[in-house]
Amino acid sequence: MEPWMLDPTEFTPLNVSMFGKRYVKRWQASVKQYRTYDYWRQLFWTAAISRFEWEGLPDGIDSRYLETLLCGYGSFAATKRSTSGVLAYWCGRMNPVGNLDLYRNPNAIDVYTPNGQRQRRHCNWWFKHVGNQYGTKTVVMPADAVICWDNLTRFPVLQLIDRQAQRLADMDTTVDQHVRAMRVPYVISVDEYGKKQAQDMYNRIDSGQPAIYMNPSGMQNMSVQVLQTMNKAAYAGSDILNDELKIVSAVYTMLGIDNNAAAEKKERVQTAETLANNEQFMIQRNSFLKPRQEFCRRINDMYGWDCSVKWSVPHMPAVSEEQDMYRSSPDLLGYGDAAEDGNDANL
């Protein structure tokens, strides 16, 4: 797709229009469907990579790149360069090599970078054979890399986001079809003799005239058939849009983002309903936050980093007895020690 193309209904590239009008119509429909899908995918992808805030990372390590690796591939590995340089540490995609340990964690991994670099690293204690032509010996070596997983299931969320974006794009297309059917509600079949009178009659109906006067002889000789493309009672656009909100709410809950589906009826929301929603996204949030905190602990012990991770948009501290149970895990709420110090959250 050429970058200069702004609207598929206004600009059609020559390598598409050369195949004729029918092909152009199908191409425009496919482009519109893809752009609708891309809208929802970008919406969820932006939310997924913006959930966490990293602090204390060494120079040269981009926290945005780390989140894209976690959400897109499910993991990344951090290690130290084998050669000396200004930037001593780097992170990249990893693939397990060889057998796993008894907890199904990788022993050896290959770390990749987008520019083609690859290095073999180890995440557990390993044996290295050293020596020369006069003799060799086996040395036990410590781990030299740490893996960070996106969630406790160790599966990337991109495939889940992609599926829901496809569903929402299909629903948007269905709503557009309903709207187009309402815009052209009738298909009138009439012979050439009565076409002029049928057009005049429909224009008068559409203009809202209280009475329509027609020539009776002309009405008898005119054969008219009307196909109604959309009945007002069959319009389901509002229901489809409400179902879209439910899917969006489910995706945000899966990502650990607080989204109360009953926010539009705040005056009727009960405390039990609010706490039930809090429990759902708190459990999902813990699945994403816990592996990142474990990575920070291990990499700090291995290389002496001082990095940490927290939820980027914190919640307000508990203000009622029903919410006191969340004080026991301030990291999930995102405001760290604010609850213990009695300070308000930094919103």
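To be clear, the structure that these remarks concern was listed above.
Parameters and conventions
- Residues numbered from 1 in each chain as written.
- Predicted model: local features only at pLDDT ≥ 70, side-chain atom pairs only at ≥ 80, totals over all residues.
- Heavy atoms only, no water.
- Helix = DSSP H or I, 4+ residues; strand = E, 2+ residues; numbered from the N terminus.
- Contact = heavy atoms within 4.5 Å.
- Polar contact = N/O pair within 3.5 Å; in protein donor to acceptor, adjacent residues only side chain to side chain.
- Salt bridge = Lys/Arg side-chain N within 4 Å of Asp/Glu carboxyl O.
- Buried < 20%, exposed > 50% of the residue type's maximum accessible area, 1.4 Å probe, protein only.
- Pairing = 2+ DSSP bridges.
- Axes fitted to C-alpha atoms, helices over the stretch in contact; angles between N-to-C directions.

J.: How do you make sense of the environment of N124 when you look at a structure like this?
T.: Counting through the fold element by element, N124 comes out in the loop between strand 5 (118–122) and strand 6 (126–132). Between the alpha carbons of N124 and N107 there is a distance of 5.5 Å; along the sequence they are 17 residues apart. If near-sequence neighbours (up to four positions away) are discounted, N124 is found in contact with D101, P106, N107, M141, P142 and A143. Engagement of the side chain of N124 in a polar contact is seen with the side chain of D101, the distance being 3.4 Å.

J.: Just to check I follow, could you spell out the pattern of salt bridges for this structure?
T.: One side chain can pair with another of opposite charge once the charged atoms of both are near each other. Taken as a whole, this structure holds 10 salt bridges when the rule is applied. Here D110 and R120 are joined by a salt bridge, their closest N and O atoms 2.4 Å apart. You can see D110 sitting in strand 4 (residues 106–112) and its partner R120 sitting in strand 5, a full 10 residues away along the chain. The buried category is assigned to D110, whose relative accessible area is 7%.

J.: Explanation requested: the sheet that holds strand 4 in the structure shown.
T.: Hydrogen bonds along the backbone pair up the strands of a sheet, which may run parallel or antiparallel. Read from one edge to the other, the open sheet built from five strands follows the order 5-4-3-2-8, with strand pairing classed as antiparallel. Each edge of the sheet is formed by a strand with only one pairing partner; in this case those strands are strand 5 and strand 8 (145–149). Direction aside, neighbouring strands of the sheet carry axes that sit 40° apart on average. Of the strand pairs in this sheet, strand 2 (residues 75–80) and strand 8 are connected by five bridges, and their pairing is antiparallel. Its bridge partner being in strand 8, T79 is matched across the sheet by A145.

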